[in-house]
Amino acid sequence: MSLTAQTYWAEHAWLGESVQPNVLIVTAVDGRIKEVRANTPVPPAGAVGLHGLTLPGLANAHSHAFHRALRGVVQAGSGTFWTWREVMYGVADKLTPERYFELARAVYAEMTMAGITCVGEFHYLHHAPGGTRYDNPNAMGEALIAAAAEAGIRITLLDTCYLSSGFGADPNTHQLRFSDGSAEAWAERVSALKGDGNTRIGAAVHSVRAVPVDQIGTVSGWADHHAAPLHVHLSEQTAENDACVEAHGFTPTRLLADHGVLGPRTTAVHATHLTPGDIRLLGHSATGVCMCPTTERDLADGIGPAAQLQQAGSPLSLGSDSHAVIDILEEARAMEMDERLHTRTRGHWSAARLLRAATVDGHAALGWGDDAGRIEPGALADLTTIALDSVRTAGPPPRLGAETAVFAATNADVRHTVVGGRHVVRDGAHQLVPRVPEALAESIAALRD
């Protein structure tokens, strides 16, 4: 990513605790914030105006980029998570490195247009159909890294170990391209991936059903050795819980705890169906939890115990997962609204707490915790500006900008996105990827051939 020095003048900015007016944000050539100065009523010559409410860039902590091709398609008829999965396999079977690059670049451009400046890509589509290795074993992962760079978004590639169709059973036909054969072979392949200023490499255990119990430790050990984030799908479906208890006598959370997976660098995704003991294990180990409410409701997964998890000690992050929509503001709002429906009480999280999940804690889950999610000197110059004068956001005073952003705004209200000081989205238009809607349509149509 080409970095640049620039001075921005935010009409209003969220500085972690409150909305401040007339905020000058000076960025340096290294892509970090050099100076933040509130109450600067007259922008200096050459400053770029950001009209609306400027927030730290949003973090999308859980993405499967190719699922974007399922939007609308899987809404025809009914079914279950497991029938949805068969449709997903059909899309996965048609992806090549070249096709995946085109699709992911468009998807990541859509994300930046939604104010997302960093994505955690939970990547398990490693090999060619049937499991044949590409000449470059990391061709698919490198296609995602290149797509993110061209779309102007930061990426944490969460390279995923996926070895089994369920608790030791061999991969099915579709899953052969996900599998490296063993955790040791996975570790050898992922070790060849390289990060850079735009990219960090993390690890993932797809789920307790997809990685045999005697190989989970290899994945977590790789993450420990590389001080990398480690993610895992956890208890998204009750069927997974039941199968785990039958196979091992423990819940998935207990199984992960017993094999050293839980801890502050680990993020459990979904965590929908947990026992009280599971919640204690996750919270007391400070294991993060990524909630994906728009996907969880789309797939009829259920409402996870997010409030209980946070109270127990788990930091919360947010993800768009299957990309039924790409809107981190909606994910934040949905987490609160789902909890209201579940408990019939209001006010479980303030707007400030929900913004923290969307920024600080999301970046921490992706391994950028010391660098991003704040508008302050030394932080990465990643910003998103929300319009306060649209039909959704007009009316409230600017001092309630955080509440307006979280509880009223949508991705359509994102006016500007800045990554590393570079103006990636200006006045709602992507500056690096032309014709994003057409790019999405064309890359998805190619998968129907």
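Predicted, not measured: the structure shown is a model, and the values here were computed from it.

Draft legend 1. Geometry of the overall build of the protein. The secondary structure content of the protein amounts to 15 helices and 16 strands. Radius of gyration (C-alpha) of the protein: 21 Å, near the 22 Å computed for a compact globule of 449 residues. In terms of principal-axis extent, the alpha carbons of the protein reach across some 65 × 50 × 45 Å. Classification of the 449 residues of the protein by burial places 57% in the buried group. A sequence separation of at least 24 residues applies to 74% of the contacts in the protein between residues at least 6 apart. Working note: accessible area of the protein is about 16500 Å², and carbon and sulfur atoms make up 52% of it. The averaged location of the 49 negative side-chain charges in the protein is 5 Å from the averaged location of its 34 positive side-chain charges.

Draft legend 2. Representation of the layout of surface pockets. Its boundaries defined by the atoms lining it, the largest pocket holds a volume of some 280 Å³. Around the largest pocket sit 15 residues that line it, and Trp-14, Gly-16, Glu-17, Arg-356 and Val-360 are the ones nearest its centre. Per-class residue counts for the lining of the largest pocket are seven nonpolar, three polar and five charged. Residue contributions to the lining of the largest pocket reach at least three from each of two domains, namely domain 1 (6-56 + 372-430) and domain 2 (58-366).

Draft legend 3. View of the sheet that holds strand E14 (residues 414-419). Strand order in this open sheet of eight strands is E3-E2-E1-E4-E13-E14-E15-E16, and the pairing throughout is mixed. The open sheet terminates on both sides in strands that have one partner only, identified here as strand E3 (33-37) and strand E16 (429-430). Alignment of strand E15 (residues 422-426) against E16, held across two bridges, turns out to be antiparallel. In the strand pairing of E16, Arg-426 is matched with Ala-429.

Draft legend 4. How the structure looks around the domain arrangement of the protein. Examined at the domain level, the protein breaks down into domain 1 (6-56 + 372-430) and domain 2 (58-366). Taking only C-alpha atoms into account, the centre of domain 1 sits 29 Å from that of domain 2. Of the roughly 2300 Å² buried between domain 1 and domain 2 on both sides combined, carbon and sulfur atoms contribute 66%. Ranking the residues of domain 1 by area buried against domain 2 places Val-406, Phe-407 and His-430 at the top, with a combined share of 27%. Counting every contact that joins domain 1 to domain 2 gives one salt bridge. Among the salt bridges present, the one from Arg-154 reaches Asp-382, with a minimum N-O distance of 2.7 Å. Our count for the domain 1 to domain 2 interface comes out at nine residue pairs in polar contact (both at pLDDT 80 or more). Counting residues per element, the ones that place at least two in the side of domain 1 that touches domain 2 are strand E4 (48-56), strand E13 (383-386), helix H14 (401-407), E14 and E15. Here the residues of the side of domain 1 that touches domain 2 sort into 18 nonpolar, nine polar and four charged.

Draft legend 5. Highlighting unusual backbone geometry. Phi is positive for Ala-300, which is not a glycine, with a value near 60 degrees. Classification of Ala-300 as exposed rests on a relative accessible area of 65%. Even without a glycine there, the phi angle at Asp-427 is positive, about 50 degrees. One can find Asp-427 in the loop between E15 and E16. For Asp-427, a relative accessible area of 56% gives the class exposed.

Draft legend 6. Broad picture of the pairing of strand E2 (residues 19-27). As defined by bridge partners, strand E1 (residues 7-14) adjoins E2 across seven bridges and the pair is classed as antiparallel. Bridge pairing in E2 places Ala-10 opposite Val-23. The hairpin formed by E1 and E2 contains four residues between the paired strands, and Gly-16 there has a positive phi angle of roughly 100 degrees. Inspection of the sheet shows E2 paired to E3 by four bridges, in the antiparallel sense. The partner of Ile-25 across the bridge, within E3, is Val-36. Hairpin connection of E2 to E3: five residues between the antiparallel strands, including Gly-31 at a positive phi of 80 degrees.

Draft legend 7. Region of interest: helix H8 (residues 276-284). Restricting attention to buried positions, one finds in H8 the residues Asp-278, Ile-279, Leu-282 and Gly-283. For H8, the angular spread of the buried residues around the axis is 125 degrees, confining them to a single face. Exposed and oriented more than 90 degrees from the buried face of H8 are Pro-276 and His-284. At its buried positions, H8 is contacted by strand E9 (230-234), helix H7 (252-258), strand E10 (266-270) and helix H10 (306-312). One or two positions beyond H8, positive phi appears at Ala-286, with a value near 60 degrees.

Draft legend 8. Spatial organisation of the sheet that holds strand E12 (residues 316-318). Here we have eight strands laid out as an open sheet, ordered E5-E6-E7-E8-E9-E10-E11-E12, and parallel in their pairing. Both edges of this open sheet fall to strand E5 (58-63) and E12, since each of them pairs with a single strand only. Strand-to-strand, the axes of this sheet are offset by a mean angle of 25 degrees, without reference to chain direction. In this structure, strand E6 (residues 116-123) lies alongside strand E7 (residues 154-161), joined through six bridges in parallel fashion. In the sheet register, His-123 faces E7, and the bridge partner there is Asp-159. The strands touched by helix H12 (residues 351-358) are E5 and E12; relative to E12, the strand with the most contacts, the crossing angle is about 70 degrees.

Parameters at a glance
Residues numbered from 1 in each chain as written. Predicted model: local features only at pLDDT ≥ 70, side-chain atom pairs only at ≥ 80, totals over all residues. Heavy atoms only, no water. Helix = DSSP H or I, 4+ residues; strand = E, 2+ residues; numbered from the N terminus. Rg over C-alpha atoms; globule rule 2.2 N^0.38 Å. Buried < 20%, exposed > 50% of the residue type's maximum accessible area, 1.4 Å probe, protein only. Contact = heavy atoms within 4.5 Å. Areas by Shrake-Rupley, 256 points an atom, 1.4 Å probe, with all protein chains shown as cover. Lys, Arg positive; Asp, Glu negative; His and termini not counted. Charge placed at Lys NZ, Arg CZ, Asp CG, Glu CD. 1 Å grid on protein atoms, 1.4 Å probe; cavity = no way out; pocket = protein on both sides within 12 Å on 5 of 7 lines; lining within 4 Å. Points joined across faces, edges and corners; volume = space filled by probe spheres on them. Nonpolar A, V, L, I, M, F, W, Y, C, P; charged D, E, K, R; others polar. Domains from an automatic or database assignment. Pairing = 2+ DSSP bridges. Buried area = accessible area lost by both parts, 1.4 Å probe. Salt bridge = Lys/Arg side-chain N within 4 Å of Asp/Glu carboxyl O. Polar contact = N/O pair within 3.5 Å; in protein donor to acceptor, adjacent residues only side chain to side chain. Arc of directions from axis to C-beta. Axes fitted to C-alpha atoms, helices over the stretch in contact; angles between N-to-C directions.

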